[in-house]
Amino acid sequence: MKKVSVIGAGTMGSGIAHTFAQQGFEVQLIDKDKEPLKNAMESIEMNLKRQQVKGLIDYQKVKETVRNIQPEGDLKKGVESADLVVEAVIEEFDAKAKIFQQLDKFCPKTCILSSNTSSISIGKLAAFTKRPDKVIGMHFMNPVPVMKLVEVISGINTSRETVNAILKVTASLGKSPVMVKDYPGFIANRILMPMINEAIFSLHEGVAGVEEIDQVMHLGMAHPMGPLELADLIGLDVCLAILKVLQEGMGSNKYAPCPLLVNLVNAGYRGKKSGAGFYEYQSGTKQKQVAYYFNNH
């Protein structure tokens, strides 16, 4: 594999493009909107320069990586010569299914179609193509250039050849692939999302405040960050979407999202990417403070 097309220029898509390009792959970063593409390219270059400052890469590597990424607004043009496609659009089934239908028409017959979905059935997405044997899940963790884990999800019709190819390419990125079965939430989010949801319920019920909940898990359980800050990083809208997939797919109300999470998302608070969630974030810095609407909780 030499040519990789990444669909979606959001946080995950830009991180995936960055990671492939840094390892020498030719990357088409595709988004129908110009602004996300512009922002993604700026973000990638900024993150590469941070790596340079830390002594992880040199200036030449920064230039080569940026040169390896071609922003593209036309889906057909962006995938027509791809060896591998990684879909990284919004975590909604209908949006992803439509993309896979189009990819099946536009991509070479030999091309592997993968999804960065964190919870949606790979087999269900594969049913929208005529190549279910070449459809697989590649669930990267955020931030993609830093996190080592990639969940590799094999659908019911995914071929062993496809699995082996993805395991090999994942390892070539310096990542650690872990095989999981195609069930709602896979492993990472089946375990993580109920914990985040319970933390939100604890806040909702007044058991403790935002910082107190996060400190318990950060200091007491040695988590790198607390569950509420992590929810902000993932995106509250994404957390809500995953919990709904778990609730429907597992047929159990134990995965039902906390009403507070629903209310926040409905009000436009999506976490760090929107500037506010459980915390408020100062643009361009790592500074944060508990959101004003929780200060007197």
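Please read these numbers as outputs of a predicted model, since none were measured by experiment.

### Some remarks on the overall build of the protein chain
Alright, step 1. When you go through the protein chain residue by residue, the secondary structure sums to 12 helices and 10 strands.
Alright, step 2. What you see for the protein chain is a C-alpha radius of gyration of 19 Å, in line with the 19 Å of a compact globule of 297 residues.
Alright, step 3. Seen along its three principal axes, the alpha-carbon backbone of the protein chain occupies a region of about 55 × 50 × 35 Å.
Alright, step 4. Here the protein chain, with 297 residues, has 45% of them falling under the buried criterion.
Alright, step 5. By sequence separation, contacts in the protein chain at least 24 residues apart represent 65% of the contacts at least 6 residues apart.
Alright, step 6. Split by element, the accessible area of the protein chain, about 14,900 Å² in all, is 52% carbon and sulfur.

### Points about the UniProt feature "domain: 3-hydroxyacyl-CoA dehydrogenase NAD binding" (unreviewed entry) in the protein chain
Alright, step 1. Within this numbering scheme, the UniProt entry marks residues 3-182 as carrying the feature "domain: 3-hydroxyacyl-CoA dehydrogenase NAD binding" (unreviewed entry).
Alright, step 2. In this annotation, residues 3-182 is assigned 43% helix and 22% strand; the end-to-end C-alpha distance for the span is 26 Å.

### Some remarks on the UniProt feature "domain: 3-hydroxyacyl-CoA dehydrogenase C-terminal" (unreviewed entry) in the protein chain
Alright, step 1. Mapped onto this structure's residue numbering, the UniProt feature "domain: 3-hydroxyacyl-CoA dehydrogenase C-terminal" (unreviewed entry) falls at residues 185-281.
Alright, step 2. The annotated region residues 185-281 carries 61% helix and 3% strand content, and the separation between its end C-alpha atoms amounts to 28 Å.

### Some remarks on the pairing of strand β4 (residues 84-87)
Alright, step 1. Judged by which residues are buried, β4 turns out to be covered on both faces: Leu-84 and Val-86 on one side and Val-85 and Glu-87 on the other are all buried.
Alright, step 2. Judged from the 4 bridges that link them, strand β1 (residues 3-7) and β4 form a sheet pairing that is parallel. Considered in β4, the bridge of Val-4 is made with Leu-84.
Alright, step 3. By the bridge criterion, 4 bridges tie β4 to strand β5 (residues 112-115) in an arrangement that is parallel. From the neighbouring strand, Val-85 faces β5, where its bridge partner is Leu-113.
Alright, step 4. At this point the chain moves from β4, through helix α5 (residues 93-106), to the parallel β5, and the crossover so formed is right-handed.

### A word on the pattern of salt bridges
Alright, step 1. Within the structure shown, the criterion is met by 7 salt bridges.
Alright, step 2. Of the charged contacts in the structure, one is a salt bridge between Glu-87 and Lys-96, with a shortest N-O distance of 2.5 Å.
Alright, step 3. Classification of Lys-96 by relative accessible area gives buried; the value is 1%.
Alright, step 4. Here Asp-237 ties to Lys-273 by a salt bridge, and the two come within 2.9 Å at their closest N and O atoms. In this pair, Asp-237 is assigned in helix α11 (residues 236-250) and Lys-273 in the loop between α12 (259-266) and β9 (279-281), connecting sequence segments 36 residues apart.
Alright, step 5. The partly exposed category is assigned to Asp-237, whose relative accessible area is 21%.
Alright, step 6. A relative accessible area of 44% places Lys-273 in the partly exposed class.
Alright, step 7. Linked by salt bridges that have partners in common, Glu-87, Glu-91 and Lys-96 make up one network.

### Observations regarding the sheet that holds strand β2 (residues 26-30)
Alright, step 1. Taken in spatial order, the 8 strands of this open sheet run β3-β2-β1-β4-β5-β6-β7-β8, and their pairing is mixed. In the strand order of this sheet, the two ends are held by β3 (69-72) and β8 (176-181), each with one partner. If you compare each strand with its neighbour and ignore which way they point, the axes differ by 25 degrees on average.
Alright, step 2. Those strands touched by helix α1 (residues 11-22) are β1, β2, β3, β4 and β6 (135-140), and its axis lies near 170 degrees from that of β2.

### Let's talk about the packing of aromatic side chains
Alright, step 1. Considering all chains together, one arrives at 7 aromatic pairs under this definition.
Alright, step 2. Plain terms: the ring middles of Tyr-292 and Tyr-293 are 4.9 Å apart, the flat faces sit at 75 degrees to each other, and that makes the pair edge-to-face.
Alright, step 3. Taking relative accessible area as the criterion, Tyr-293 reaches 25% and is therefore assigned partly exposed.
Alright, step 4. For the pair Tyr-293 and Phe-294, a centre-to-centre distance of 4.9 Å together with 65 degrees between the ring planes defines the contact as edge-to-face.
Alright, step 5. Residue classification places Phe-294 among the buried positions, given a relative accessible area of 8%.
Alright, step 6. One aromatic cluster is present, built from ring pairs that chain together Tyr-269, Phe-278, Tyr-292, Tyr-293 and Phe-294.
Alright, step 7. If you follow Lys-124 out to its NZ or CZ, it ends over the ring of Phe-93, 4.4 Å from the centre.

Rules behind the numbers
- Residues numbered from 1 in each chain as written.
- Predicted model: local features only at pLDDT ≥ 70, side-chain atom pairs only at ≥ 80, totals over all residues.
- Heavy atoms only, no water.
- Helix = DSSP H or I, 4+ residues; strand = E, 2+ residues; numbered from the N terminus.
- Rg over C-alpha atoms; globule rule 2.2 N^0.38 Å.
- Buried < 20%, exposed > 50% of the residue type's maximum accessible area, 1.4 Å probe, protein only.
- Contact = heavy atoms within 4.5 Å.
- Areas by Shrake-Rupley, 256 points an atom, 1.4 Å probe, with all protein chains shown as cover.
- UniProt positions renumbered as here; feature names shortened; annotations may be inferred.
- Pairing = 2+ DSSP bridges.
- Right-handed = clockwise from strand over helix to strand, strands pointing away.
- Salt bridge = Lys/Arg side-chain N within 4 Å of Asp/Glu carboxyl O.
- Axes fitted to C-alpha atoms, helices over the stretch in contact; angles between N-to-C directions.
- Phe/Tyr/Trp six-rings, centres within 6.5 Å; stacked < 30°, edge-to-face > 60°.
- Lys NZ or Arg CZ within 6 Å of the ring centre and 35° of its normal.

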